[in-house]
Amino acid sequence: MKRLLALLAALLLAACASPGLRGTGDLGLVIERASGSVLVVDTTARAILGRVEGLGDLSHASAVFSRDGRFAYVFGRDGGLTQVDLLERKIAGRIIQAGNSIGGAISQDGRLVAAQNYQPGGVKVFDAGTLELLADIPAAWDDGKKLSKVVGLADVPGNKFAFALFDAGEIWVADLAEPRQPKLAKFRGAGSQPYDGMVTPDGRYFIAGLFGEDGLALLDLWRPEQGARKILANYGKGQEKLPVFKMPHLRGWTVAGGRAYLPAIGKHEVLVVDTATWQEVGRIPVKGQPVFIMARPDGRQIWVNFAFPDYGQVQVIDTLEQKVVQTLAPGKAVLHMEFTPRGEAVWISARDDNRVVVYDTASFARLAELPAQSPSGIFFTSRAARIGF
Amino acid sequence: MGSGKPVRWVVACFFAGAMVAHDDAGAADPAPERAAELVRMVRQDCGSCHGLTLKGGLGPPLLPETLSEKPDESLRQTILHGRPGTPMPPWNAFMNEAEAGWIVRQLKQGFPEETRR
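Here we summarise the structure given alongside this text. (Residues numbered from 1 in each chain as written. Chains lettered and ligands numbered in written order. Predicted model: local features only at pLDDT ≥ 70, side-chain atom pairs only at ≥ 80, totals over all residues. Heavy atoms only, no water.)

Regarding the overall build of chain B
Inference 1: Helix and strand counts for chain B stand at five helices and zero strands.
Inference 2: Classification of the 117 residues of chain B by burial places 38% in the buried group.
Inference 3: Surface accessibility of chain B: about 6,800 Å² in total, with carbon and sulfur atoms responsible for 62%. (Helix = DSSP H or I, 4+ residues; strand = E, 2+ residues; numbered from the N terminus. Buried < 20%, exposed > 50% of the residue type's maximum accessible area, 1.4 Å probe, protein only. Areas by Shrake-Rupley, 256 points an atom, 1.4 Å probe, with all protein chains shown as cover.)

Listed below in structure tokens is the structure:
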């Protein structure tokens, strides 16, 4: 009997220790948009570790990471904010914070998670540990009579968040040095219908793409007293616009080697902009209307995916040659791409083929294919350490 | 042609006839395969702005209660030709008028879910 007990105790100890210690630096999430689930993936093993379910409506969902890389905060369309434990592969916390949400950000110090909402239009700020609401920032405009949809939310240095107001055409910067008492700086007349925003990788410039007019709005966060100004205001002049079947996305990954690679709205082009002067220095023709334009972490390549109906393909631009050097067909309805932390591989989601394809970025060989249900966004923990992610 | 087909055709024609009689602006429903494509297009591609559940996003909600007051014809024109001054693009390169009309009717009744493949 005694021996049996000892054996049981030994087994129990082994079971408790069995998950083993591991880091999260090579982990990530794949959003399964239609089934309200996420896959936890390992980019070293190129494997799915498990599925976490119960995250609600994940169409247009995105994720940010706690700075220890253990938790993902997933922002769902239905206003759900879900904290996912990547190691235990379970939901650690979940709230419904709005009626209609479009993404979020985590603060410089990692203590605050902010969500940007369409309904009710505004930004809400939560304690990253407990998901307690700390600040509610309604995007009021038109003398406070209306609330604007909020887009382009990005964390910027100084524990601030910058974002744009789609309906109002404004850029706001919220200073959360005191989280329960946010201080707002509002830049009115920034531009018509901003559709998304980004902060440059150094945290200096916030840029909002404009749908309602040609050009982009640029705010120098080091010199905010200069206000928001228009850049590339003439890039579409005199040309007939093509209809836009999906809004492009902006993030800091579009900056490489002193140049920003930006989507031309309604055109089959990538615009190349010098980040010292913010002048256009070139245009690169591509297959379709760009949605994501992402630099490989070393900046040598730019990968581009496209809006409906050209979303079966992905193109690769060589930044030395400034032209497309590769066209790939990962599957039907390519929605997103994510580079491994140092960029030797890229993971691409093909929604209608229910798979994620992993490519070698040097040889363009297919390294792996992983099954996923209607996969959309792919997010790796390396985002935890980057400004604007 | 299989032995079951003529019967199915008769049934399809009967329903198509009933549809036309019921709603003179509309036409026959699209064939099941095409209908599935249209449902997928609305859920996924329209859904990128209007939301997968059509509760709205950058674009307004497309739920029966939000559309009930709007005339079918103006909704059909919006789908086919877009709305200038807004991000809504024209979809007439990807569907014909009858299919746009069918989508409007489905939206007003509560849009079907995609059938899982």
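After that view of the structure, there is still more to cover.
With respect to empty space enclosed by the protein
Inference 1: This model, assessed by the stated rule, comprises two cavities of 30 Å³ or more.
Inference 2: Reported here for the largest cavity is a volume of approximately 730 Å³.
Inference 3: Every residue lining the largest cavity is counted, 45 residues in all, and those nearest its centre are His 60, Ser 62, Ile 102, His 249 and Phe 292 of chain A.
Inference 4: Looking at the lining of the largest cavity, the elements with two or more residues in it are β4 (62-65), β8 (100-106), β9 (112-119), β14 (150-156), β18 (194-199), β30 (334-339) and β34 (375-380) of chain A together with α2 (32-50) of chain B.
Inference 5: If one sorts the elements of the lining of the largest cavity by residue count, α2 of chain B sits on top with five residues.
Inference 6: Looking at the lining of the largest cavity, its residues break down into 21 nonpolar, 16 polar and eight charged.
Inference 7: The two domains that each donate at least three residues to the lining of the largest cavity are domain 1 (48-233) and domain 2 (254-389) of chain A. (1 Å grid on protein atoms, 1.4 Å probe; cavity = no way out; pocket = protein on both sides within 12 Å on 5 of 7 lines; lining within 4 Å. Points joined across faces, edges and corners; volume = space filled by probe spheres on them. Nonpolar A, V, L, I, M, F, W, Y, C, P; charged D, E, K, R; others polar. Domains from an automatic or database assignment.)

Some thoughts on the interface of chain A and chain B
Inference 1: In this complex, chain A contributes 24 residues to the contact, which on the side of chain B involves 23 residues.
Inference 2: Between chain A and chain B the total buried area reaches about 2,100 Å² when both faces are included, carbon and sulfur atoms providing 52% of it.
Inference 3: Considering only the side of chain A, the residues that lose the most area to chain B are Arg 33, Phe 245 and Phe 308 of chain A, jointly responsible for 24% of the buried surface there.
Inference 4: Linking chain A to chain B there are one salt bridge.
Inference 5: Here Asp 352 of chain A makes a salt bridge to Arg 40 of chain B, at a shortest N to O gap of 2.3 Å.
Inference 6: Seen at the junction of chain A and chain B, the total is nine residue pairs in polar contact (both at pLDDT 80 or more).
Inference 7: Across the side of chain A that touches chain B, the residue classes break down as 12 nonpolar, five polar and seven charged. (Contact = heavy atoms within 4.5 Å. Buried area = accessible area lost by both parts, 1.4 Å probe. Salt bridge = Lys/Arg side-chain N within 4 Å of Asp/Glu carboxyl O. Polar contact = N/O pair within 3.5 Å; in protein donor to acceptor, adjacent residues only side chain to side chain.)

Brief notes about the pairing of strand β32 (residues 355-360) of chain A
Residue and element names in this part refer to chain A.
Inference 1: Pairing analysis gives six bridges linking strand β31 (residues 345-350) to β32, with the strands arranged antiparallel. Of the residues in β32, the one forming a bridge with Ala 345 is Asp 360.
Inference 2: What sits between the antiparallel neighbours β31 and β32 is a turn of four residues, in which Asn 354 has the positive phi angle 55°.
Inference 3: Bridge analysis of β32 against strand β33 (residues 366-371) gives five bridges, and the strand direction is antiparallel. Bridge pairing links Tyr 359 to Arg 366 in β33. (Pairing = 2+ DSSP bridges.)

With respect to the pattern of salt bridges
All names here are of chain A.
Inference 1: Counted under the stated rule, the structure contains 31 salt bridges over all chains.
Inference 2: Linking Lys 90 and Glu 88 is a salt bridge whose minimum nitrogen-to-oxygen distance equals 3.5 Å.
Inference 3: With a relative accessible area of 42%, Lys 90 lands in the partly exposed category.
Inference 4: A residue is classified by how much of its surface remains accessible, and Glu 88, at 45% relative accessible area, is partly exposed.

Here's the deal with unusual backbone geometry
Residue and element names in this part refer to chain A.
Inference 1: Put simply, Gln 119 and Pro 120 share a cis peptide bond, and its omega is -5°.
Inference 2: Its place among the elements puts Pro 120 in the loop between β9 and β10 (121-127).
Inference 3: That bond from Phe 308 to Pro 309 is cis: its omega, 0°, falls within 30 degrees of zero.
Inference 4: A positive phi angle is found at Arg 46, which is not glycine, with a value near 50°.
Inference 5: Residue position: Arg 46 is located in the loop between β2 (37-42) and β3 (47-53).
Inference 6: Residue Gln 322 is not a glycine yet carries a positive backbone phi of 60°.
Inference 7: The residue Gln 322 is located in the loop between β28 (314-318) and β29 (323-328) in this model.

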